[in-house]
Amino acid sequence: DLAAVAAAPPEPVASPDLHTRAQLMGALYVLEGSRLGGAYLRRRLAQSQPDAPAAYLAHGAGEPLWRTFVEWLGAQTPSPAEEATAIAAADATFATFESGFRQAAREAA
């Protein structure tokens, strides 16, 4: 998508620590959930700008990735401490995306 609009990729941002099962559960929740938002954005973009690049938003389209993830997540039996760790990792993953977006916006300005 960046190449289609002749844009350079933004500089990488620091990623959160994702070393434990609980940390991975939290990060995966964010990443897999973002596909749902991506599907919505892809539909809206197709309505307003049909020729706009949208490959990134289409990643995983047509696959039961969210359902499969939720089934997997439901089969996990995290301890209360692991649940807290998963939530903290989800928050850190959201913060990483926010940081990357803000950095890209600054670079584009």
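Quick notes on the rules
Residues numbered from 1 in each chain as written. Predicted model: local features only at pLDDT ≥ 70, side-chain atom pairs only at ≥ 80, totals over all residues. Heavy atoms only, no water. Phe/Tyr/Trp six-rings, centres within 6.5 Å; stacked < 30°, edge-to-face > 60°. Helix = DSSP H or I, 4+ residues; strand = E, 2+ residues; numbered from the N terminus. Buried < 20%, exposed > 50% of the residue type's maximum accessible area, 1.4 Å probe, protein only. Axes fitted to C-alpha atoms, helices over the stretch in contact; angles between N-to-C directions. Parallel < 35°, antiparallel > 145°, perpendicular 65-115°, else oblique. Left-handed = near helix turned anticlockwise from the far one by under 90°. Contact = heavy atoms within 4.5 Å. Nonpolar A, V, L, I, M, F, W, Y, C, P; charged D, E, K, R; others polar.

Peer 1: Break down the packing of aromatic side chains for me, with residues and values.
Peer 2: Tallied over the entire structure, the rule returns 3 aromatic pairs. Relative to Phe69, the ring of Trp66 lies with its centre 5.9 Å away and its plane at 45 degrees, an arrangement referred to as tilted. Linking Trp66 with Phe69, this pair stays in helix 2 (residues 65-75), spanning 3 residues, or about one helical turn. Classification of Trp66 by relative accessible area gives partly exposed; the value is 28%. In this structure Phe69 comes out as buried when scored by relative accessible area, which is 7%.

Peer 1: Give me the environment of Ala95: which residues, what numbers.
Peer 2: Tracing the backbone shows Ala95 in helix 3 (residues 80-108). Residue class for Ala95 comes out partly exposed when judged on its relative accessible area of 40%. Measuring from C-alpha to C-alpha, the distance between Ala95 and Arg42 comes to 23 Å, with 53 residues separating the pair along the chain.

Peer 1: Just give me the short version of the packing of helix 1 (residues 21-48) against helix 2, but keep the residues and values in it.
Peer 2: Put simply, helix 1 and helix 2 touch, their axes get as near as 9 Å, and they point 155 degrees apart. Comparing the axis directions of helix 1 and helix 2 gives the class roughly antiparallel. Considering how the two elements wind past one another, helix 1 and helix 2 form a crossing that is left-handed. Counted together, Met25, Leu28, Tyr29, Glu32, Gly33, Arg35 and Leu36 of helix 1 and Leu65, Trp66, Phe69, Trp72 and Leu73 of helix 2 form the full contact between these two elements. Taken together, the residues of the contact of helix 1 with helix 2 sort by class into 9 nonpolar, 1 polar and 2 charged.

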